[in-house]
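Breakdown of the fold
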Amino acid sequence: MCGIIGYVGYQNATPILVDGLRRLEYRGYDSAGVAIISADGKTHIHRAVGKLRNLDTVLREHPLTGSLGIGHTRWATHGRPTEENAHPHTIDGVTIVHNGILENYLELRHMLEARDRQFRSETDTEIMAHLIAEQIAKGHALDEAVRSILPQVRGTYALVVISESHPNTIVTAKNASPIVLGLGDNENFVASDIPACLEYTRSFVFLEDGQMAILRPKDISITDFEGNQQIVEPTTVTWSPIMAEKGGHKHFMHKEIYEQPTAVANTILGRVSMEDATIHLDGVNPEHIDPIDRLIITACGTSWHAGLIGKFMLEHIARIPVEVDLASEFRYRDPILDNKTGLLAISQSGETADTLGAVKDAKAAHAVVFGICNVIGSSIARECKNSGGVLYTHAGLEIGVASTKAFVTQLVALFLLAIHFGRKRGTLSITDGQDHLNRLREIPSHIESILAREASLIAIARRYARAKDFLFLGRGPNYPVALEGALKLKEISYIHAEGYAAGEMKHGPIALVDEHVPIVGIATAGPSYQKTISNLEEVRARNGKLIIIASEGDSRIASVADDVFVIPKTTPLLDPLLSVVPLQLLAYHIADAKGTDIDQPRNLAKSVTVE
Ligand code: F6R
């Protein structure tokens, strides 16, 4: 994620930058930094690891003054969260902050090292500082220098660049990561998000992908990457600063549900080679994981649900035997482990005590431990590093306690792992692999199309918000989705909810069914469809109210259900990435109708560091 800000004007830039970073801190807080060009024309930089308050302390002890500057709050992607890796990065008078990930950074780094360029950090960002500095040294203006290097860099970026050679100018460029320009009187702002400068202006321009801007105190000029002038109308924003921190959403959970298309795309980004359907598992050590002949997945809560779905993916695609264990149980059941067993830990935070404990125990028993984590440099990630490694989900900072985008991106990571093992183990042909990957790449737009129909889920939520109990039913990969739907509902709305394998109903739970218990069935197209429908018919025959998530084009479903929500057609293994989204929104809107504290539900914490 990362938050970036820049100011050029007549006021002292430092307090404006720090205030802006405070409002952007939700985007990451591994480290923060500011750079100021002061009246002497020199760049002065302070950076500090950890939350912004650490940088604040440094700035109180060593104040910086100047009317042009840039700042950054980091959510580490390339390179650990250290002071050297903290932004801004400065090379030969050129200083840069960056939000995004460069895919070809290794290639570029090797090219620059061959030209005797010395690197001070492990980041992909520093590469761009070197490239721009080389252009400035050749006599180019700052905007020309930035424009000339962009064709070389592949990946996502929002850049903000300043240079001692142009002490009155900020240049910014955007590809896939957000940039807004704040228009002031004799001062201008650039930031990742509106809240960063909402104290100073309500007039904003949203840069589009492929656009650059040159900011000076009295003017802003916007061009495309070829230098053609762009005519852009500013937007006047009426948000309050508090709302804007959530990007206009009422809760972080809602915002994070809406971030899922981008999060999924980021998990896939740079990892897929379509020609031969191979996967580049950056951070994972193939020499360790490839020889395993058996896999145990361990996790807690929502991440465990992802693991249960991962079992379907890995067994079907790679024919590798998989067990899935709750980390809190795994540790106390004397599991059989050896150096041919892989222990895959799934954790958003990378700090969950039971999952971390399971990793340590498995490592001590010589299993190959590896992880799927969201938080860079977290304890589980570090523990796995010198064994099987870690596959980061790159979902961005998740603030809402109820996990949403982390779950969907864990499923993407598991799917990529299944394809990797399938190709290595010879169970997946290139053509079938390409087919799977093409379907995977459609997921972001499928999620968009579900989000666009949120209104019908609000209507369903209002109809059922007073229920005291819910049941969620599914079969195959949709059974863990039922568990996840029930967990989302209970944790944020405090309504009792249970997830069941639909085929198990008649072995006991069907006794609970009456007209007061809404039942959410997940009945998407696939091998379990007929059987699921029969189980749902049995519930209907006992007066149960049925809300069914079905695949587009299912003409039969309306006659079975009281309410239907259709999702786009994909493959059964990828269905969970879509079917969970309406369940997240259903839980969210039921909780909202009840007025609970959605982002911080009672008794819960985002990161569970006790056993
Ligand atoms: C539920 C939820 C929790 C977490 C669980 C594990 O919405 O978020 O169930 O999934 O506490 O957390 P991580 O993934 O950080 O290990």
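These figures come from a predicted structure and were not determined experimentally. The numbering scheme is per chain: residues are counted from 1 as the chain's sequence reads. Reporting in this predicted model follows two pLDDT cut-offs: at least 70 for local features of residues, and 80 or more for side-chain atom pairs to be given and counted; totals over whole chains, interfaces and linings ignore these cut-offs and use all residues. The basis for every side-chain value is the complete set of non-hydrogen atoms in the structure, without hydrogens or water.

Some points on the sheet that holds strand 7 (residues 157-163)
As a reminder of what qualifies: At least two DSSP bridges between two strands are required for those strands to pair. Under the scheme used here, helices are H or I runs from DSSP no shorter than 4 residues and strands are E runs no shorter than 2 residues, and both carry numbers assigned from the N terminus. Each axis is a line fitted through C-alpha atoms, taken for helices only over the stretch in contact, and angles between the N-to-C directions span 0 to 180 degrees. Residue contacts follow a heavy-atom distance rule, with two residues in contact if any of their heavy atoms lie within 4.5 Å.
Read from one edge to the other, the open sheet built from six strands follows the order 5-6-7-8-12-13, with strand pairing classed as antiparallel. Where the open sheet ends on each side, the last strands, each with one partner, are strand 5 (89-91) and strand 13 (220-224). Looking at each pair of strands side by side, their axes are set apart by 20 degrees on average, direction ignored. With six bridges joining them, strand 6 (residues 94-99) and strand 7 adopt antiparallel strand pairing. In the strand pairing of strand 7, Val-94 is matched with Ser-163. Sheet contacts for helix 4 (residues 125-137): strand 5, strand 6 and strand 7; angle to strand 6, the most-contacted strand, approximately 145 degrees.

Structural notes on unusual backbone geometry
Applicable threshold: Only protein chains enter the calculation, and the probe is 1.4 Å; a residue is then buried if its accessible area is under 20% of its type maximum, exposed if over 50%, and partly exposed in between.
Following His-87, the chain continues into Pro-88 via a peptide bond in cis, with omega recorded as -5 degrees. Position of Pro-88 among the secondary structure elements: in the loop between strand 4 (68-74) and strand 5. Phi at Asp-116 takes a positive value of approximately 70 degrees, unusual for a residue other than glycine. Checked against the element boundaries, Asp-116 lands in the loop between helix 3 (105-114) and helix 4. On the basis of relative accessibility, which here comes to 64%, the residue Asp-116 falls in the exposed class.

With respect to the packing of helix 10 (residues 301-318) against helix 14 (residues 405-425)
We apply this condition: Oblique is the label for any angle not covered by the other classes, which are roughly parallel (under 35 degrees), roughly antiparallel (over 145) and roughly perpendicular (65 to 115). Left-handed describes a crossing in which the near helix is turned anticlockwise from the far one by less than a right angle; the clockwise case is right-handed. The nonpolar class holds Ala, Val, Leu, Ile, Met, Phe, Trp, Tyr, Cys and Pro. Asp, Glu, Lys and Arg form the charged class, and all remaining residues, Gly among them, are polar.
It is at 9 Å that the axes of helix 10 and helix 14 come closest, and there the two elements cross at 25 degrees. With respect to helix 14, the axis of helix 10 lies roughly parallel. Two packed elements cross with a definite hand, and for helix 10 against helix 14 that hand is right-handed. Side by side, helix 10 and helix 14 meet where Thr-302, Ser-303, His-305, Ala-306, Gly-307, Ile-309, Gly-310, Met-313, Leu-314, Ile-317 and Ala-318 of the first sit next to Phe-407, Gln-410, Leu-411, Leu-414, Phe-415, Leu-417, Ala-418, Ile-419, Phe-421, Gly-422 and Arg-425 of the second. Grouping the constituent residues of the contact of helix 10 with helix 14 by class yields 14 nonpolar, seven polar and one charged.

Remarks on the packing of aromatic side chains
Using the following cut-off: We call Phe, Tyr and Trp rings a pair once their centres come within 6.5 Å, taking the six-membered ring for Trp, and we label the pair stacked below 30 degrees between planes, edge-to-face above 60, and tilted otherwise. Here, over-ring charges are defined by two tests on the NZ atom of lysine or the CZ atom of arginine: distance to the ring centre within 6 Å, and angle to the ring normal within 35 degrees.
Evaluation of the coordinates by the stated rule reveals four aromatic pairs. Ring geometry for Tyr-7 versus Phe-189: centroids 5.2 Å apart, planes at 55 degrees, classification tilted. Separated by 182 residues along the polypeptide, Tyr-7 in strand 1 (residues 3-8) and Phe-189 in strand 10 (residues 188-191) bring together distant segments of the chain. Residue Tyr-7 shares its accessibility class with Phe-189, and that shared class is buried. An aromatic cluster is present here, built from Tyr-7, Phe-189 and Tyr-200 joined pairwise through their rings. Over the ring of Phe-119 we find Arg-109, and its NZ or CZ is 4.3 Å from the ring centre.

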